[in-house]
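Results of the structural survey
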Amino acid sequence: MPEMIIETPDEVVAFLKAQHNLIEDMFDEVLYASDPEAREAPFTALRQLLAVHETAEEMVVHPRMRRESDAGDAVVDALLKDEHSAKELLSQIEKLDVTSQEFVDELTKLRQAVLAHAEQEEQDEFPYLERELDSDDLKRMTTAVRAAQAIAPTHPHPGVESAKMNFAIGPFASMLDRARDVIRQAVSFLDSP
């Protein structure tokens, strides 16, 4: 098979839209897994991407929208409300058995909410950023988003939706989340036949 080279967009709107598309694909991978047991690994990857993606938007993108646009507060407040609800639902889903119908039902609800939220961002926030910011600003924001994602928590933390809360609590939550992930991997490795 020939090697595929996938170039990551270097401006923030294209970067986040590419992640939105990846998130949609990852939901499908989990929901349409041929074997219910096969949902575990793709769900873990999806959960991690959702957590770091939202954290980065809350730390970098939403504050910029608030500062730059007269409508920024209203747009961001609505987005943060959605993000809080999604984090609560994802936290509940994490506790469910991935082989259960309840998991599928709840993940289907989350998928619908997350995709509607992504569409809102793409309609209400991203066009403004593209229109008002120059190419260099958009590229700098991508660098900031990537940095935020690199240190972001890997699990949802409902109630931590503001940039200030993410900067204050995020590093500690991230450290605990990443330690918990490593321990879970080690335990599952020891439990496997």
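Residues numbered from 1 in each chain as written. Predicted model: local features only at pLDDT ≥ 70, side-chain atom pairs only at ≥ 80, totals over all residues. Heavy atoms only, no water.

The protein chain appears in an unreviewed UniProt entry as Hemerythrin from Mycobacterium sherrisii.

Here we take up the pattern of salt bridges. Within the structure shown, the criterion is met by 12 salt bridges. Of the charged contacts, one joins Arg66 and Asp77 as a salt bridge, the two residues approaching to 2.7 Å between their closest N and O atoms. Within this pair, whereas Arg66 is found in helix α2 (residues 40–68), its partner Asp77 is found in helix α3 (residues 72–94), the two being separated by 11 residues in sequence. On the basis of relative accessible area, Arg66 is assigned to the partly exposed category, the value being 30%. Judged by its relative accessible area of 42%, Asp77 falls in the partly exposed class. A salt bridge links Glu132 to Arg131, with the shortest nitrogen-to-oxygen separation between them at 3.6 Å. Connected through shared salt-bridge partners, Arg64, Glu68, Asp137 and Arg140 make up one network. (Salt bridge = Lys/Arg side-chain N within 4 Å of Asp/Glu carboxyl O. Helix = DSSP H or I, 4+ residues; strand = E, 2+ residues; numbered from the N terminus. Buried < 20%, exposed > 50% of the residue type's maximum accessible area, 1.4 Å probe, protein only.)

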